[in-house]
Amino acid sequence: MNSTCLWLSVLCLAAMSTARAQDVPDIAVFSFENTSCAAWKRSRDDEFLRAQYRAWFRGFVSGYNFGNSANQVQLSAMPDLAAVDVYVDKYCEDNPSLAFINAAVPMIQEKREFRSPASERKP
């Protein structure tokens, strides 16, 4: 009886640790050499660099949409360029030691729309 309880406890702990690990997926994010909030702030006066950063955010959201057909950020919900600037400025003000690209995830979480999954598309 004691060994059965021990094994059940071990299995429960293993299941809990696996579920916890799945809460925050480990993903590779391709971006820029310097993704600090300081770099974002410095780009304010460099329109060419700021345009690249803005385009990265739009591309990241597009990639999210591609991988999550049930939770799309609709074109009408995607912030315009000025709104992206304001959102990332606020994110960096609140999180100055983090990477500015981290602002993409909460932005998606706020803007996404839950719907039924689309059928798998064939290339």
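For every chain, the first residue of its written sequence is number 1, and the numbers climb from 1 along that sequence. For this predicted model, a pLDDT threshold of at least 70 governs which residues receive local features, and a threshold of 80 or more governs which side-chain atom pairs are given and counted, while totals over whole chains, interfaces and linings are taken from all residues. Each side-chain value is derived from all of the structure's non-hydrogen atoms; neither hydrogens nor water enter the calculation.

**Q** I tried to follow the pattern of salt bridges on my own but got confused; where do I start?
**A** Note on pairing: side chains with opposite charge can pair once their charged atoms come close. Each reported salt bridge corresponds to a side-chain nitrogen of Lys or Arg within 4 Å of a carboxyl oxygen of Asp or Glu. Per the stated rule, a full pass over the model turns up five salt bridges. One salt bridge in this structure joins D89 and R44, with 3.8 Å as the shortest N-O distance. Note that D89 is positioned in helix 4 (residues 81–94) and R44 in the loop between helix 2 (37–42) and helix 3 (47–67), a separation of 45 residues in sequence. Only protein chains enter the accessibility calculation, which uses a 1.4 Å probe. A residue is then buried if its area is under 20% of the maximum for its type, exposed if over 50%, and partly exposed in between. D89 gets classed as partly exposed once you look at its relative accessible area, which sits at 25%. Close ionic contact of D85 with R54 constitutes a salt bridge, the shortest N to O distance being 2.7 Å. Taken as a pair, D85 in helix 4 and R54 in helix 3 lie far apart in primary sequence, 31 residues in all. Each member of the pair, D85 as well as R54, carries the same accessibility label: buried. Connected through salt bridges with shared partners, the residues E47, R50, R54 and D85 form a single ionic network. To qualify as a helix, a DSSP run of H or I must reach at least 4 residues; to qualify as a strand, a run of E must reach at least 2; elements of each kind are numbered from the N terminus.

**Q** Before we go on, may I ask you to explain the packing of aromatic side chains in this structure?
**A** A ring pair, where both rings are aromatic, is described by two values, the distance of the centres and the angle of the planes. Geometry of aromatic contacts follows a simple scheme: Phe, Tyr and Trp rings, the Trp one being its six-membered ring, pair when their centres are within 6.5 Å, and the pair is stacked under 30 degrees between planes, edge-to-face over 60, tilted otherwise. Scanning the model with the defined rule gives nine aromatic pairs in all. Ring geometry for W56 versus F57: centroids 5.2 Å apart, planes at 90 degrees, classification edge-to-face. Side by side, W56 and F57 carry an identical accessibility label, which is buried. Each member of the aromatic cluster is reached from another via a ring pair, and the members are F32, W40, Y53, W56, F57, F60 and F100.

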